[in-house]
Every structure is written in C-alpha cells, then in structure tokens.
Amino acid sequence: MTVAMPLAFSTWYALLNNFVVERAQYTGADIGLLQSVREIPGFLAFTAVFVLLVLREQRFAILALLTLGLGVSLTGFFPSSMGLLCTTFIMSVGFHYFETLKKSLALQWLPKDQAPALLGKLLGLSSASSLVVYAFIVWQPLGYESTYLLGGGLCIVLALFMFLAYPLFPEQEPQHKRLFLRRRYWLYYALVFMSGARRQIFMVFAGFMMVEKFHYDVSDIATLYLINHAINSVIAAPIGRWINRVGERTALSFEYIGLILVFVSYAFVDNAELAAGLYIIDHLFFSMAIAINSYFQKIADPKDIAATSGVSFTINHIAAVVIPVSFGLLWMTSSAAVFLLGAAMALGSLILARRIPSAPSPGNEVR
C-alpha cells in the first residue's frame, strides 16, 4: 500500500501546477479553488467510520487505492476547469480515505515502543516510490495524458494484486464504529488542525510560486521533487529513530521553529535557487510530523484508533478547505502575506507542541 499510493498521487502532484497553467490557464485564485475542492473529501474523512460498518478496514483501504488510481488516470484527458474539478474530486476521495485508513491500520499494527521508527521506515519507502515517479518524469518525459494514465494505472494494478494476494489480517482490538470527540485528546486535535493549516502553504502556494514567479517547467519541478524524495527516502527512518530517542515534544518543536524561518524566507525570496533550497528544507520537516501520530498512539485507547483517525483527518482538513481559496485571493494582492501567515501558524503549532509531556500515556496527555 505504501508503494502504490505515491505512484498515483506523486504523478498527479508533480504535473499539476504546470498542467493547470499550460492547459487550463489557471491563476492563483483558480488553483486555490481547485485545491479547496481537493480537500473536501479530507474534510469528510470522518464518514470512513460508517463505511466500516459494512467493510473491513483492509478491504476499504484497497478500494480507496482503486479510486485514487482511477481519478489520476483520467486527469490528463479533461484539461478544462470543470474536468479538473471532477477528476481531482475522484482522486481526492480515494487519497483521503486511504490515508485515513493507512494511519489507523499502522497505529493498530505497530508496537508503541517502535512506532516512530517503523513509521519512519514506511515514510522512507513512500518517498522511494515517489522518487521512481519523479525520475521517470525527468528522464522519460511523456505527454500529460500518458503520464497520468501510467501513474494511475500502476496504482490500480497493485491494488488489484493486494486484493487477490493477501489474506484479511485479524483486528487486534475491535474498533468503535461511531463518532466521538474525547476531551483528553484535545492537544492531539489541536496539533492536527494546525498541521492541516500549515500544510496548505507548502502543498498549494510554495509549488505554485515556483511555476508562477520563477518559471519552473515540468522537468524543473519534477527534479525538485526528485531531490526531496531522494533525501527523504534516506533520512526518514533515521528521523523516526531520532523521535523515538528524543520524544515527540522535542521533535515537533524543532520542526515548527524551522518552519517559521522557512515561511518568513519564502515571503521575501527573489532568487530561484534559494527558493528551491527553501522548498527542499520545507519538505524535510514533513518527516517529523510522524511524531503527532506516535504521540496519539501513546495516549489513545486502542479501540479509539480507527474512529479517531477519521475524525482527526476531518479536523486536519477544516482549515484545508478554507485556506486554499481564501489565501488564493490574498495571493493576487500579496504572495508575501500568504507566507507570513504561514509563519504565524507555525508559531501557534510550536506553542501547542510545548504542551506535550516527556512521557505521554493515558492519563498523562498534556503537560
């Protein structure tokens, strides 16, 4: 699963900014609307718990991968505003349900004392898969239609293989099949919310800046992603082990201090090479976000994991639905203001991260 998802999503993401500018003549406001539509299924991720009434998590995750692959396969054939909104929505339904279920299954299956290190290994494997996609785009460039079809099609093939080749693994703890919010998880919810807000600055506007302001073409963007994932595939596992050693509070504090500096720099950068360097540093901090999940695993009732994974994805996407379209309009006036607001979000996240205990556990959730 960890290999299959990036084959489709990384293809979609690597080509998106150039595809919408070259084929659909998008502006900052248009890309903001598209990204807001993309985040709607993430906002609705809590509905996964209702699907689990009739589908096992493992089967549901494979179905989500099939949907992701279908949406990506179709993208290149519909280069209009309405076509992009439709294919993006299909892709996003699969992507967000899959990410919800992947997190739930990982936190259920991985032992607590090894979770950050193993999550780091999974992240490294995901980056290696993305690396293959970006390398292909750089060295074997095809048309948009063929590349989208290939990336989405490979995801579909692997999902069908998983359905046929693997047994249903037993649930270690029966999961709650209802929605709830627990007061003792409030810090986790807050960290997830702020993570979703700041992620949009990177996902939507940092990449768009590279194309609009610095005129990066498809090969340039793919090369940038290639570098990001080459580094991540090597350092993600060591970062996971480092989080195991220093704890979630220290790791997240380091991440958010770094992000404040990166976002302030984004606001004023005028050099294409320096902007690329900031983009690479920004992406490296994503590896440390696994500390939020390992913190939750340590404080959670094991029966809460599936339902809370869905609820937390919805919380993560509350800001994600609003920020792209509203900040897209702000971008038309001042791109620097977008990144300075991102720095303010990172500061808020830092304040929250300092509330994580040194040894989080049930009953010791907040410092």
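Residues numbered from 1 in each chain as written. Predicted model: local features only at pLDDT ≥ 70, side-chain atom pairs only at ≥ 80, totals over all residues. Heavy atoms only, no water.

Asker: In this structure, what is going on with empty space enclosed by the protein? I would like to understand it.
Answerer: Which parts of space are left empty comes out when a probe the size of a water molecule is rolled across the atoms. A full pass over the atoms with the stated rule returns 3 cavities of 30 Å³ or more. What lines the largest cavity is a set of 42 residues, among which Phe 95, Glu 99, Leu 123, Arg 199 and Phe 286 lie closest to the centre. When the residues that make up the lining of the largest cavity are grouped by side-chain class, the tally is 22 nonpolar, 14 polar and 6 charged. A volume near 70 Å³ is recorded for the second largest cavity. Along the walls of the second largest cavity sit Arg 56, Glu 57, Gln 58, Leu 105, Gln 108, Trp 109, Phe 169, Pro 170 and Glu 171, which together make up its complete lining. Elements with a contribution of two residues or more to the lining of the second largest cavity: α4 (57-75) and α5 (81-109). Broken down by element, the lining of the second largest cavity gets its largest block of residues, 3 residues, from α5. In the lining of the second largest cavity, the residues fall into 4 nonpolar, 2 polar and 3 charged. (1 Å grid on protein atoms, 1.4 Å probe; cavity = no way out; pocket = protein on both sides within 12 Å on 5 of 7 lines; lining within 4 Å. Points joined across faces, edges and corners; volume = space filled by probe spheres on them. Nonpolar A, V, L, I, M, F, W, Y, C, P; charged D, E, K, R; others polar. Helix = DSSP H or I, 4+ residues; strand = E, 2+ residues; numbered from the N terminus.)

Asker: What exactly am I supposed to notice about the packing of α4 against α5 here?
Answerer: Any two packed helices are characterised by how steeply their axes cross, that is the angle between the axes, and by the distance between the axes. Running from N to C, α4 and α5 cross one another at 150°; their axes reach a closest spacing of 7 Å. In terms of axis orientation, α4 runs roughly antiparallel to α5. Once α4 is placed against α5, the crossing between them reads as left-handed. Counted by class, the contact of α4 with α5 contains 17 nonpolar, 8 polar and 1 charged residues. (Axes fitted to C-alpha atoms, helices over the stretch in contact; angles between N-to-C directions. Parallel < 35°, antiparallel > 145°, perpendicular 65-115°, else oblique. Left-handed = near helix turned anticlockwise from the far one by under 90°.)

Asker: I keep staring at the nonpolar core and nothing clicks. Help me out?
Answerer: A general tendency of soluble globular proteins is for nonpolar side chains to be buried together. In this structure, Leu 191 and Tyr 266 are the most contacted members of the largest nonpolar core, which totals 119 residues. Among the elements that line this core, the one with the most residues is helix α8 (residues 186-212), at 18 residues. Setting aside residues no more than four positions away along its own chain, Tyr 266 makes contact with Phe 202, Ala 206, Met 209, Ala 275, Leu 278, Tyr 279, Asp 282 and Phe 339. (Core = buried A, V, L, I, M, F, W, Y, C linked by side-chain atoms within 4.5 Å. Buried < 20%, exposed > 50% of the residue type's maximum accessible area, 1.4 Å probe, protein only. Contact = heavy atoms within 4.5 Å.)

Asker: How should unusual backbone geometry be read in this particular structure?
Answerer: Peptide bonds are trans in most cases, and residues, glycine excluded, mostly fall at negative phi. In this model, His 215 sits at a positive phi of 60°, which is unusual for a non-glycine residue. Along the polypeptide, His 215 turns up in the loop between α8 and α9 (218-246). Since its relative accessible area comes to 63%, His 215 is described here as exposed.

Asker: Hey, could you run me through the pattern of salt bridges in this one?
Answerer: Where charged atoms from two side chains of opposite charge come close, those side chains can pair. All told, the structure shown has 6 salt bridges when counted by the stated rule. Among the salt bridges present, the one from Arg 198 reaches Glu 255, with a minimum N-O distance of 3.3 Å. Here Arg 198 is found in helix α8, whereas its partner Glu 255 is found in helix α10 (residues 248-268), with 57 residues between them in sequence. Each member of the pair, Arg 198 as well as Glu 255, carries the same accessibility label: buried. Residues joined in a network through salt bridges with shared partners are Arg 198, Glu 255 and Asp 282. (Salt bridge = Lys/Arg side-chain N within 4 Å of Asp/Glu carboxyl O.)

Asker: What am I meant to see in α8 here?
Answerer: Within an α-helix, residues lying three or four positions from one another point in the same direction, as the helix has 3.6 residues per turn. An ideal rise of 1.5 Å per residue puts 39 Å on 27 residues; α8 measures up with 39 Å between its terminal C-alpha atoms. Of all the bends in α8, the greatest, near 30°, is centred on Phe 205. Within α8, 24 of the 27 residues are buried, which leaves the element mostly enclosed by the surrounding structure. (Expected span 1.5 Å × (residues − 1). Bend = angle between axes of the 7 residues up to and from the residue.)

Asker: What exactly am I supposed to notice about the packing of aromatic side chains here?
Answerer: Remark: the centre distance and the inter-plane angle together describe each pair of aromatic rings, the angle taken between the planes. Considering all chains together, one arrives at 19 aromatic pairs under this definition. The interplanar angle of 50° and the centroid separation of 5.1 Å between the aromatic rings of Phe 60 and Tyr 97 together place this pair among those described as tilted. Remark: Tyr 97 occurs in helix α5 and Phe 60 occurs in helix α4; sequence separation between them is 37 residues. Of the two residues, Phe 60 and Tyr 97, neither departs from the other in class, the shared state being buried. With a centroid separation of 6.1 Å and 90° between ring planes, the pair formed by Phe 161 and Tyr 166 is classed as edge-to-face. Taking the relative accessible area as the measure of exposure, Phe 161 reaches 48% and is therefore partly exposed. The exposure class assigned to Tyr 166 is partly exposed, which follows from its relative accessible area of 42%. Grouped by ring-pair contacts, the aromatic residues Phe 205, Phe 208, Phe 263, Tyr 266, Trp 331 and Phe 339 constitute a single cluster. (Phe/Tyr/Trp six-rings, centres within 6.5 Å; stacked < 30°, edge-to-face > 60°.)

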